[in-house]
Amino acid sequence: MATAAQTNANRENAKKSTGPRTPQGKAISSRNSLVHGMTSGKFLPPDADPQEFFQLLDQFRNRFQPFDEVEDALVERLVAAEFKMRSVRYMDAGLFHYQAETNPMPEQFNKAGRSNPLAWAFHGDSAYYNSFSKLMRYEGSLQREFSRALRDLSMLQADRRARLAESQAEAEAEAAETEPRQPDSPAENPKNEKTNRTQFPEASGAANGPFAPDSAENPHLNPPIPIIGGRPTS
């Protein structure tokens, strides 16, 4: 029986354990329940390779990047359905081999060599066990399970991204409201600008203007012609 000191020491040590922190450690920890199930033979079908399942699980996790335990559970549902659908292909081939060995085609039905042993195996199974039709229904249920899990995962991730984008937009809006505003610079006074407005811009004293006025300082530039006896004199 443990003493009180040992019990207290165990409790203190348990507080220090926070579980796996790295992505690799979390991935290994998430497989614990699967490993125990496979050890007892309750999870994977017979002759299934656990490493193949875990490799497929890692591929799906890298593809969908689950954010929490709920999204990760949906990813595992996807992998389980996909892994079982791959097993259906092996079962389909195994059924043909089984029917061919247990119910071989009579030689009288294949004298010309034109009969198909697969057709004979399918016919024999349909007449008695109908295993192929049941296998097809089983595959269809797995495909529906895969589609449902994929739809639920897509909707959950889309909703999470939308809420994240909304929260980011609200945070940016709050940051913009709390940010101190810079004082506006005073507008320039248009009255300070000196302008020269004339009715005839060309007559503003330009050197080569066609309508330059006569200078008032030189009245003899164009002297008047004297008139004598009603006739102008040169």
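Everything below is about the structure printed above this text.
Notes on the structure follow.

The rules behind the values
- Residues numbered from 1 in each chain as written.
- Predicted model: local features only at pLDDT ≥ 70, side-chain atom pairs only at ≥ 80, totals over all residues.
- Heavy atoms only, no water.
- Helix = DSSP H or I, 4+ residues; strand = E, 2+ residues; numbered from the N terminus.
- Patch = residues over 30% accessible without salt bridge, like charges linked within 9 Å, V, L, I, M, F, W, Y side chains within 5 Å.
- Areas by Shrake-Rupley, 256 points an atom, 1.4 Å probe, with all protein chains shown as cover.
- Salt bridge = Lys/Arg side-chain N within 4 Å of Asp/Glu carboxyl O.
- Lys, Arg positive; Asp, Glu negative; His and termini not counted.
- Charge placed at Lys NZ, Arg CZ, Asp CG, Glu CD.
- Expected span 1.5 Å × (residues − 1).
- Buried < 20%, exposed > 50% of the residue type's maximum accessible area, 1.4 Å probe, protein only.
- Contact = heavy atoms within 4.5 Å.
- Arc of directions from axis to C-beta.
- Axes fitted to C-alpha atoms, helices over the stretch in contact; angles between N-to-C directions.
- Parallel < 35°, antiparallel > 145°, perpendicular 65-115°, else oblique.
- Phe/Tyr/Trp six-rings, centres within 6.5 Å; stacked < 30°, edge-to-face > 60°.
- Lys NZ or Arg CZ within 6 Å of the ring centre and 35° of its normal.

Some remarks on the environment of glutamate 139
Alright, step 1. With respect to the helices, strands and loops of the structure, glutamate 139 is situated in helix H7 (residues 131–178).
Alright, step 2. Considered as a pair, glutamate 139 and methionine 85 are 54 residues apart in the sequence and their alpha carbons are 6.2 Å apart.

Here we look at a negative patch on the surface
Alright, step 1. Residues Glu166, Glu170, Glu174 and Glu177 make up a contiguous surface patch of negative charge.
Alright, step 2. Its place among the elements puts glutamate 177 in helix H7.

Details of H7
Alright, step 1. Over its 48 residues, H7 extends 71 Å from the first C-alpha to the last, a length consistent with the 70 Å expected when each residue adds 1.5 Å.
Alright, step 2. By the burial criterion, the buried members of H7 are Phe132, Leu135, Gly140, Leu142, Phe146, Ala149, Leu153, Gln157 and Arg160.
Alright, step 3. Elements that come into contact with the buried residues of H7 comprise helix H4 (50–64), helix H5 (69–102) and helix H6 (117–128).

Some words on H6
Alright, step 1. The terminal C-alpha atoms of H6 lie 17 Å apart, and with 12 residues this matches the ideal 16 Å at 1.5 Å per residue to within 8%.
Alright, step 2. All buried positions along H6 are accounted for by Trp120, Ala121, Gly124 and Asp125. Down the axis of H6, the buried set is contained in an arc of 130°. They therefore lie on one face.
Alright, step 3. On its buried side, H6 packs onto H5 and H7.

Structural notes on the packing of H5 against H6
Alright, step 1. Contact geometry for H5 and H6: axes closest at 9 Å, N-to-C directions at 85°. Taken together, H5 and H6 sit at an angle that is classed as roughly perpendicular. For the pair H5 and H6, contact is made by Phe96, Gln99 and Ala100 and by Leu118, Ala121, Phe122, Gly124 and Asp125, respectively.

Some words on the packing of aromatic side chains
Alright, step 1. In total, this model carries 5 aromatic pairs according to the counting rule given.
Alright, step 2. Ring centres 5.4 Å apart and planes at 85° place the aromatic pair phenylalanine 53 and phenylalanine 83 in the edge-to-face group. Of the two residues, phenylalanine 53 is situated in helix H4 and phenylalanine 83 in helix H5; the sequence distance between them amounts to 30 residues. You'll find phenylalanine 53 and phenylalanine 83 in the same group, each marked buried.
Alright, step 3. Each ring, one from phenylalanine 60 and one from phenylalanine 64, has its centre 6.1 Å from the other, and the planes form 40°; the classification is tilted. Note that phenylalanine 60 and phenylalanine 64 are positioned in helix H4 at a spacing of 4 residues, about one turn of the helix.
Alright, step 4. Overall, phenylalanine 60 belongs to the buried group, its relative accessible area being 15%.
Alright, step 5. The exposure class assigned to phenylalanine 64 is buried, which follows from its relative accessible area of 15%.
Alright, step 6. Through a chain of ring-to-ring contacts, the aromatic side chains of Phe53, Phe54 and Phe83 assemble into a single cluster.
Alright, step 7. Here arginine 63 stacks its cationic end above the ring of phenylalanine 64, 4.9 Å away from the centre of that ring.

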